[in-house]
Amino acid sequence: MSISISRLTKVLLLQSIIFIPLLLSGCSGDGFGLDINGNPIGPGSSDTVSFSRDIQPIFDQSCIRCHFGAGAPEGLDLSAGKSYNNLVNIPSTELPSLDRVEPFRPDTSYLVWKIEGDSGITGERMPFGGPYLADQTIALIRKWILQGALNN
Amino acid sequence: MVGKTEKLAGSVVLLFLFISTLSSGVAKAEPYLAARTKNKCGQCHVNRTGGGMRTPYGFVYSFTQLAAAHIRTDKSTLFDPNLNENIRLGVNFRYSRIFNFGAKDSAGAKSNPQDDFAIPEANLYVQTRLIEDRVTLYLDQRVSEGALTRELFLLWEKLPGNGYFKAGRTLLPYGLRLLDDESFVRQETNYHYDRHDLGIEIGLEPGQFSLVGSLTEDNFSAVSYYIWRGIRAGVSFARNTSKSDDYTWGGFGTLVAGRFTLLGEIDFIDQEGVKKRAYFSELDLLLRRGINLKVVYDLFDRNIKIPLDRDGQERVTIGLETFPIQFFQVGLFYRFNSFIPQNISGNEDQAEIQFHLFF
């Protein structure tokens, strides 16, 4: 009997050796937003979206009339010098399971949901009462996030 | 007796040929042997940090303990790699047949990989003992295409604390000295068998402890580990200033439990401002004398700021390594490669059959 158990143990261990690494695997990337070598598309090239040059002016024009100072809605001050730290990798107060901006992931960044009027948002689409951002402007914000939401 | 051993060796070879029709692999790591025997690298290798020429102990171990069968006719004498009392030779010759399997990119385009014959290693070693047990001149010369001197150093041993001093061209110490240069912990840290430079190396190895430091013009690296029974735990650190001020550090360990040997290494890499991580794990099972089953898992995070499920790269290698007769090794491996879909070559699986002659 002990021999049978020993053999069974060996067989199980052998199978574990072969199959456990295969089960562990699955960490390879989907490559979204990356070039063929796995590097982020954009940074360092002329195609890079600049936060200070391209994104902050959008907030200045369309958001800070409300999202400004200590009394900003949801505590989200989007004025220059404050906006980046209040957005990137910061959980949304309305939907804490999502960050306001998750680098490389525009589809799961709550900021994008809010400006696109996604059905999953709480409250109103932004900017509140419109006019809403143009498609090209939203695409630019998406691109900035896709490139890693750099503070550049 | 002769007939019996030849029959056994023939059976083993036939077994491998049969298995090769079913599967095969690419890992070549040998540190599992040091882990399994609970020895330091320098027990079996002239180079105290491992790899290359074998010591007299390593030479004897290879055919008394590694080989499944020892062929020796009544008339033959034991092969002796010593030219004379002071000069000793060694060889590593590996010949591979690699099968590359195609992959598709995200657009559905399929690659057209070519199968390769390769000589991954053809190295000749010469050890000249200038002062018995103390001073050695060591040469590790690649003799295949792209011939170069991999190592050429003067080694002074028997210093206090079982210490030693090397001066000349040496491999740079870091982590586990895996033979698989393409393992992420070797390739991405840039400490592998193609990484050698002019400099000095100092080692202190009392008892079960080892501390080795290497200094070249633009590189410093150090490795330290301790062996306690079947456990080996170590750390590595390196700074390189050839391109920018790059740092690499990490830990490694081995564990032996019966016929099983487990190896692992993790490295944190800061190269040109980009922080990366590389992981390595290997499980070896000694099925019977001369036959080792190997499973290796490699993972590379090329930019820790990017989620791993975006840019992660991994490899799983399954293989059989065997030493059917003395001085001869056959390896059969299959490797699953997985990377981002737009990189086709990073998703091509590979199979390899490798023949290794050594002494």
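Parameters at a glance
- Residues numbered from 1 in each chain as written.
- Chains lettered and ligands numbered in written order.
- Predicted model: local features only at pLDDT ≥ 70, side-chain atom pairs only at ≥ 80, totals over all residues.
- Heavy atoms only, no water.
- Helix = DSSP H or I, 4+ residues; strand = E, 2+ residues; numbered from the N terminus.
- Buried < 20%, exposed > 50% of the residue type's maximum accessible area, 1.4 Å probe, protein only.
- Contact = heavy atoms within 4.5 Å.
- Areas by Shrake-Rupley, 256 points an atom, 1.4 Å probe, with all protein chains shown as cover.
- Axes fitted to C-alpha atoms, helices over the stretch in contact; angles between N-to-C directions.
- Parallel < 35°, antiparallel > 145°, perpendicular 65-115°, else oblique.
- Left-handed = near helix turned anticlockwise from the far one by under 90°.
- Nonpolar A, V, L, I, M, F, W, Y, C, P; charged D, E, K, R; others polar.
- Expected span 1.5 Å × (residues − 1).
- Phe/Tyr/Trp six-rings, centres within 6.5 Å; stacked < 30°, edge-to-face > 60°.
- Pairing = 2+ DSSP bridges.

Undergrad: How should I be thinking about the overall build of chain B in this particular structure?
TA: For chain B, the helix and strand inventory stands at 5 helices and 16 strands. Out of the 359 residues in chain B, the part that is buried amounts to 54%. Taking the intrachain contacts of chain B between residues at least 6 apart in sequence as the baseline, contacts between residues at least 24 apart amount to 53%. Summing over all exposed atoms, chain B offers an accessible surface of approximately 16,000 Å²; the carbon and sulfur share of this is 60%.

Undergrad: Quick question: what am I supposed to make of the packing of helix H2 (residues 51-62) of chain A against helix H5 (residues 135-146) of chain A here?
TA: Helix packing geometry: the angle between the two helix axes and the distance between the axes. Residue and element names in this part refer to chain A. Between H2 and H5, the least distance of the axes is 11 Å, while the angle of their chain directions is 135°. As the angle between them shows, H2 and H5 are arranged oblique. Handedness of the H2/H5 crossing: left-handed. Residues Phe-51, Asp-54, Ile-55 and Ile-58 of H2 lie in contact with H5, whose contacting residues are Thr-137, Leu-140, Ile-141 and Trp-144. For the contact of H2 with H5, the class distribution of residues is 6 nonpolar, 1 polar and 1 charged.

Undergrad: Before we go on, may I ask you to explain H2(A) in this structure?
TA: Count 3.6 residues to each turn of an α-helix, and residues three or four apart come out pointing the same way. All names here are of chain A. Taking 1.5 Å per residue as the helical rise, H2 with its 12 residues ought to reach 16 Å, and the 15 Å between its terminal C-alpha atoms agrees with that figure. Among the residues of H2, those classed as buried are Phe-51, Asp-54, Ile-55, Gln-56, Ile-58, Phe-59 and Ser-62. Considering only its buried residues, H2 is in contact with helix H3 (83-87), helix H4 (110-116) and H5.

Undergrad: Help me understand the packing of aromatic side chains in this model?
TA: Given two aromatic rings, their pairing is described by the distance between the two centres and the angle made by the two planes. Counted by the stated rule, this structure contains 25 aromatic pairs over all chains. With 5.3 Å between their ring centres and 80° between their planes, A:Phe51 and A:Tyr84 make a pair best called edge-to-face. Here A:Tyr84 lies in helix H3 and A:Phe51 lies in helix H2, a separation of 33 residues in the sequence. Grouping residues by exposure puts A:Phe51 and A:Tyr84 together as buried. Taken together, a centroid distance of 5.1 Å and an interplanar angle of 20° make the contact between B:Tyr174 and B:Tyr191 stacked. Of this pair, B:Tyr174 sits in the loop between strand S5 (163-171) and helix H4 (184-187) while B:Tyr191 sits in the loop between H4 and strand S6 (196-204), placing them 17 residues apart in sequence. As far as the burial class goes, B:Tyr174 and B:Tyr191 line up, both buried.

Undergrad: Hey, could you run me through the pairing of strand S11 (residues 260-271) of chain B in this one?
TA: Consecutive side chains along a regular strand alternate between the two faces of the sheet. All names here are of chain B. Examined bridge by bridge, strand S10 (residues 246-257) and S11 share 11 bridges and lie antiparallel to one another. Within S11, the residue paired with Gly-251 across the bridge is Ile-266. Taken together, the 12 bridges between S11 and strand S12 (residues 274-288) define a ladder with antiparallel strand orientation. When the bridges of S12 are listed, Asp-270 appears paired with Lys-275.

Undergrad: Sorry if this is basic, but what is going on with unusual backbone geometry here?
TA: In most cases, non-glycine residues show a negative phi, while peptide bonds are predominantly trans. Residue and element names in this part refer to chain A. Backbone torsion omega between Met-126 and Pro-127 reads -5°, so that peptide bond is classified as cis. With respect to the helices and strands, Pro-127 occurs in the loop between H4 and H5. Of note, the amide linkage connecting Gly-130 to Pro-131 takes the cis form, showing an omega dihedral of -5°. Looking at the element boundaries, Pro-131 is found in the loop between H4 and H5. The phi torsion at Ala-149 lies on the positive side, around 50°, for a residue other than glycine. Position of Ala-149 relative to the elements: it lies in the segment after H5. Judged by its relative accessible area of 0%, Ala-149 is buried.

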